[in-house]
Amino acid sequence: MSFLEYAPAPESKSILHLKKGYGLFIDGKFVDGHGSAFTTISPADESPIAKISTANEQDVNLAVVAARRAYEKTWSKMSGKDRGKYLFRIARLVQERTRELAVAESLDNGKPIKESRDVDVPLVAAWFFYYAGWADKLEYAGLGPAPRSLGVAAQVIPWNFPLLMLAWKIAPALACGNTVVLKPAETTPLSALIFAEILQQADLPPGVVNIITGAGDTGSSLVNHPDVNKVAFTGSTAVGRAIAKSTAGTGKKLTLELGGKAANIVFDDAPLDQAVEGIVNGIFFNQGHVCCAGSRLLVQENIHDEVIERLKVRLSTLRLGDPLDKNTDIGAINSKEQLDRIKMLSNIGEQEGATRWSSDCVIPSKGFWFAPTIFTGVETSHRIAREEIFGPVLSVLSFRTPAEAIAKANNTPYGLSAGIWSEKGSKILGVADKLRAGVIWANTFNRFDPASPFGGYKESGFGREGGRHGLGAYLEASWHMSAEHARSTRAPKSLPAATKTQAPSNPKRASEKGQVKITRKAAGK
Amino acid sequence: MTIEQALAPTSRAVRLLGTDLSEKNLKLHLEGLSGVDAVGLEARAAALSTRSIKTTSKAWALDTIIRLIDLTTLEGADTPGKVQSLVAKAKNPDPSDPTVPRVAAVCVYGDLVAEALGALGAAHGSGGPDGIAVAAVATAFPSGRSSLAVKLADTSDAVAAGADEIDMVIDRGAFLAGNFGRVFDQIVEVKQACRRPDGTFAALKVILETGELNTYDNVKRASWLSILAGADFIKTSTGKVQPAATLPVTLLMLQIVRDWKNLTGERIGVKPAGGIRSSKDAIRYLVTVAETVGEEWLDPHLFRFGASSLLNDVLLQRQKLLTGHYSGADYLTID
């Protein structure tokens, strides 16, 4: 027998206590939806997991009303310190139920258990811990002495990191004093519903977080609900554009985190073995279902052949198969629809003249699978170099000089992330400065940390999530408030009385009339 | 061992660099190697550590670890009695189970080679299925701080006493001072001293003492330099300096022997030594070998563990796998 065939090491499903069906989580309770229920399946073998309710317009309204009530009565009046306590509690419960959440995530999404266990769920806990710490320190967020929560946040998240995207959205929203109605993607609702159970366990006041399931229509009614103050969306650029149109002029604050076609630039002075790892991690992590995936490899022409050779050898050691096996590197594609899109764009890649190479791995007979694939000889004019494939497909382009690398990297309607590989620090800084992308990794790729802001340029969206910047998406800065508005402001009670030392040091801001008065008034309430 | 190599230990370097093996030329060559990113290397090693090796794979892994062990005693207090005891353990690791394979070699100081050979008797062989080899440390082990003449005498003494393998240390002082040529020449000379009267050579393991080289870039250059100078194996550590073998360092050395094979077709061995005490740890090394250079390297002629206490932990795990329960330290023999 071959040692490298590693005997099966499946993570047990017995830790899951799934119900046959899940309702909508509204006002602290699970209730049946009025839309027609659907079944969520495991993409690895197409077996059904649970029945999921669909929220229609009426349910969406109930959820928004519950969120509004919780905002008015409880959450906006609670001190930041107390909000922080709830967030800390949620973070600890996520840690306690890590294995269960990881298994649920891999089952429903198809991602390998080693990723959900070692990346997704630990980051979820980290995100709640991080924003729990901010909850009572919002006056230091750089948004003036008394930044104000927005109200009800409508959040729509994608299927690639179901629980992590939930954490990215919910943690800062709650820390800032907003209440939430969140809709997970229709193919991956499971972990969000288990998270709802965690919220019950944490005794979070009813209505502060509402989780409603359903497809695009549900999402559309949610973001278009008139009593929503804030819309946060992560997903495709097409849907993002539609949301931007429909929320325009409504006064709803909007952040969008959309697609990407990131350049991963490998210079000839790169640490080669680590660069190859970075290329693999950049595009084959999570089956390439990553908006910031390094889907365009830009490699310096003089090392092109060597890098591709090493990459192929490395790819042939990747293990594709059962997402719940602890040794699986590449899991299942999340849905048939996505698989069809990946196949379609790959076929176009071949037709356009690029050379296709796929690693030789056994594809299971059931479920949705796509072998790790690289295209060499890709030109900037090819569709596979321009469109987001959102799958385990890498397009390789070459460049001759740093200037050409920068030009090619920026030649995309997107601008979410980029990677630079070089042992020369000055080159990294010089190139990073000229790349138009929200996140730039140097000698690494796909690294996330709650303290680091994340977001895009151009068609990759706007607004930042994570870090201090992420608070800005869920707060209104004090200097944006009109005097009229400020009089009706209910500042969080935790705010200390404004003193002269807390007035903004920026003379322009300080000279804005009413600034100091506003905060005094707010604090006096 | 090819005849060509037997005649000229510098032949590898000549093939790659030409006949100019000056200090300057070696330096240019080594400094032209691509760098190593420490964070990325360690992340890759950590990722390899998460492989979950169960049931049949684990059983195979445990037996393979035993087959790859250089069972070692390197103490000032070593006596003939201690060496006999070590050899007895090497021949028969678990008296309660005759199916346990034998270790690859015993590793001792040069003056105890004859003792080891005597104790092995018919069990002596080349480290593979034919029998247990005897490895001797030499060249003023562990510091390497003595004159070349003393180092060469140390080596030829051990070879004359019948050592099958020589574990030499490089001159870390010379390496860190940038005298790559001096390190190279010493390895070449020691390689010559490994030559037996019949023209065959004792296998040469070159110890880099990675804990003293400190950076991965240094480890890469020292590894490459040792291979150029004729090493059959590159070995991490003496076991006398902390940190000794680590997974990232071993991964890096495996990447280097993989690159060497791609360049020349020649296979060089790797030996992590010192600090590998548990089966769990050792299995991580096997995974790293298999996924970096391929399974063919899981062979005593291409990979070894320099260890002593590791063997008993592997035996304990082996018993657990067969019987379903753990025994205790008292059910395993000390050497």
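Please read all numbers here as calculations on a predicted model, not as lab measurements.

Here we take up the side chain of S295 of chain A. Note that S295 of chain A resides in the loop between α9 (272-284) and β13 (296-300). Excluding residues that lie within four positions of it along the chain, S295 of chain A makes contacts with K261, A262, I283, V393, L394 and S395 of chain A.

Residues and elements named next belong to chain B. Here 8 strands make up an open sheet; going across it, the order is β7-β6-β5-β4-β3-β2-β1-β8 and the pairing parallel. Only two strands of the sheet have a single partner each, and these edge strands are β7 (269-271) and β8 (305-307). Going from strand to strand, the sheet's axes swing by 25° on average, the running direction of each strand aside. Each of β1 (69-72) and β2 (105-109) is contacted by helix α6 (residues 80-91), which is oriented at about 165° to β2, the strand it contacts most.

Attention shifts here to the confidence of the model for chain A. For any part of a model where pLDDT is low, the fine detail of the predicted coordinates should not be relied upon. The pLDDT averaged across chain A works out to 92; a share of 91% of its residues lies at or above 70. Within the model, the stretch residues 489-525 of chain A combines pLDDT values under 50 with 44 contacts to residues more than four positions away or in other chains.

Turning our attention to the packing of aromatic side chains. Taken as a whole and judged by the stated rule, the model has 22 aromatic pairs over all chains. Ring centres 5.3 Å apart and planes at 90° place the aromatic pair F303 of chain B and F305 of chain B in the edge-to-face group. Side by side, F303 of chain B and F305 of chain B carry an identical accessibility label, which is buried. Each residue in the set W127, W168, W441, F445, F448 and F454 of chain A is aromatic and connected to the rest through ring pairs, giving one cluster. Across from the ring centre of Y474 of chain A, 4.9 Å away, lies the NZ or CZ of K230 of chain A, which sits over that ring.

Let us look at the sheet that holds β13 of chain A. Sheet strands pair by backbone hydrogen bonding; their relative direction is either parallel or antiparallel. Residue and element names in this part refer to chain A. With mixed pairing, 7 strands are arranged side by side in an open sheet as β14-β15-β16-β13-β12-β17-β18. Looking at the sheet topology across the chains shown, the edges are occupied by β14 (355-358) and β18 (439-442). Ignoring strand direction, the axes of neighbouring strands in this sheet form an average angle of 20°. Across 4 bridges, the pairing between β14 and strand β15 (residues 373-376) is antiparallel. Looking at β15, one finds that W357 is bridged to I374. In the packing of helix α14 (residues 425-434) onto the sheet, the strands contacted are β12 (263-266), β17 (417-421) and β18, and the crossing angle to β17 comes to about 160°.

What counts, and at which threshold
Residues numbered from 1 in each chain as written. Chains lettered and ligands numbered in written order. Predicted model: local features only at pLDDT ≥ 70, side-chain atom pairs only at ≥ 80, totals over all residues. Heavy atoms only, no water. Helix = DSSP H or I, 4+ residues; strand = E, 2+ residues; numbered from the N terminus. Contact = heavy atoms within 4.5 Å. Pairing = 2+ DSSP bridges. Axes fitted to C-alpha atoms, helices over the stretch in contact; angles between N-to-C directions. pLDDT = per-residue confidence, 0-100. Phe/Tyr/Trp six-rings, centres within 6.5 Å; stacked < 30°, edge-to-face > 60°. Buried < 20%, exposed > 50% of the residue type's maximum accessible area, 1.4 Å probe, protein only. Lys NZ or Arg CZ within 6 Å of the ring centre and 35° of its normal.

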